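Structural overview for review
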Amino acid sequence: MVLGFYSGSAVSSKYNLPEPQTIIAQQIYDQHIWALWICLVIFIAVFGVMGYSIVKHRKSAGYKAANFHHSTTVEIIWTAIPCIILIFMAWPATKTVIAMKDTTESDITVKVTGYQWMWGYDYLQGEGEGIKFYSQLATSQSEIHNETPKGENYLLEVNNRLVVPVGKKIRIILTANDVLHAWWVPALGVKQDAIPGFIRDTWFTADNVGVFRGQCAELCGKEHGFMPIVVEVVEEQQYAQWVADQLKTAATDANAAIINAAAK
């Protein structure tokens with residue numbers, strides 16, 4: 001009961017990981033909490049025995065130090081127990097890592113390209129195919145230079161959000177145009193490096209609608225701290241409307257470009 005209460009309270013703490021919004025993020029969070037509890041138990045056991053031994057067998061109480069070299073039995077025990085603990089921790093972690101790499105049967109595929117210093121999004125497959133845009137920091141320079149009050153999402157808002165439908169498997173294909181970047185959204189359980197000349201992929205399926213924020217997690221230059229990530233998860237009907245609006249805007253812009261080119 002105490003463990004359940006603590007774990008439930010920790011989710012809402014600003015000092016903890018953000019509330020999980022995907023099955024992978026939930027597994028990461030659960031394993032994180034269990035690892036902390038295991039570390040706590042080991043800490044109490046080791047230092048408890050150590051403290052008891054120091055106090056109980058102190059010289060002032062008349063105890064004399066034992067004279068022995070080693071104990072094969074003790075050495076086997078203190079080798080076997082840590083191995084068992086590590087296996088116990090590694091088993092679910094390995095299953096999660098394998099699941100993180102399974103990008104098959106995705107509903108929507110989005111190519112994400114890291115630039116110095118913004119993100120490019122191309123919807124390659126699924127509903128929304130053909131949509132592409134850049135996503136840049138939307139925080140004003142006046143806020144950055146302390147000329148106006150800072151907003152609620154200071155340095156965490158963008159001009160174009162990555163919009164996806166709730167409950168759909170989203171495959172993210174990652175690369176970079178210049179240097180190393182990393183696409184990291186903690187609430188979705190996603191963190192993958194974007195490497196120039198290489199294609200890497202990851203995925204997520206959001207369980208709830210909402211706005212989830214992340215950042216570039218790879219030191220990529222002087223504006224590294226100014227390339228946030230914002231993923232907006234919406235209902236399927238709302239997503240369909242967003243797709244229609246984006247495609248309509250793209251078609252209008254394309255027609256305007258053709259007319260301007262012909263006029264020149």
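Residues numbered from 1 in each chain as written. Predicted model: local features only at pLDDT ≥ 70, side-chain atom pairs only at ≥ 80, totals over all residues. Heavy atoms only, no water.

1. Looking at the sheet that holds strand 2 (residues 118–125)
This is how the line gets drawn: Think of it this way: DSSP has to see at least two bridges between two strands before they count as a pair. To qualify as a helix, a DSSP run of H or I must reach at least 4 residues; to qualify as a strand, a run of E must reach at least 2; elements of each kind are numbered from the N terminus. Here, axes are lines fitted to C-alpha atoms. For helices the fit covers the stretch in contact, and angles between N-to-C directions go from 0 to 180 degrees.
If you walk across this open sheet you meet the 5 strands as 3-2-1-5-8, and the pairing is mixed. Strand pairing shows two members of the sheet lacking a second neighbour, strand 3 (132–135) and strand 8 (200–204), which therefore form its edges. Going from strand to strand, the sheet's axes swing by 25° on average, the running direction of each strand aside. In this sheet, strand 8 lies alongside strand 5 (residues 170–176) in antiparallel orientation, the contact comprising 5 bridges. What sits directly across from Ile170, in strand 8, is Phe204.

2. Digging into the nonpolar core
To keep things clear, this is the line we draw: Only buried residues count toward a nonpolar core. Its members are Ala, Val, Leu, Ile, Met, Phe, Trp, Tyr and Cys residues joined through side-chain atoms within 4.5 Å. Burial here depends on accessible area, computed with a 1.4 Å probe over protein chains only, as a share of the maximum for the residue type. Under 20% is buried, over 50% is exposed, and the range in between is partly exposed. Working rule for contacts: check all heavy atoms of both residues, and any pair within 4.5 Å makes them a contact.
By size, the foremost hydrophobic cluster in this structure holds 35 residues, and its most contacted members are Tyr123, Trp183 and Val231. Once residues lying within four places of it in the same chain are set aside, the contact partners of Tyr123 are Ile108, Thr109, Val110, Gly128, Glu129, Gly130, Ile131, Phe133, Leu162, Val163, Tyr239 and Trp242.

3. Here's the deal with the pattern of salt bridges
Note that side chains of opposite charge can pair when their charged atoms are close. The condition is simple: Here, a salt bridge means any Lys or Arg side-chain nitrogen found within 4 Å of an Asp or Glu carboxyl oxygen.
A full pass over the atoms with the stated rule returns 6 salt bridges. Among the ionic pairs, Glu157 bridges to Arg213, the shortest N-O distance being 3.2 Å. Pair noted here: Glu157 is in the loop between helix 4 (141–144) and strand 4 (162–165) and Arg213 is in strand 9 (residues 210–216), with a separation of 56 residues, a long-range link. Owing to a relative accessible area of 18%, Glu157 belongs among the buried residues under this scheme. On the basis of relative accessibility, which here comes to 23%, the residue Arg213 falls in the partly exposed class.

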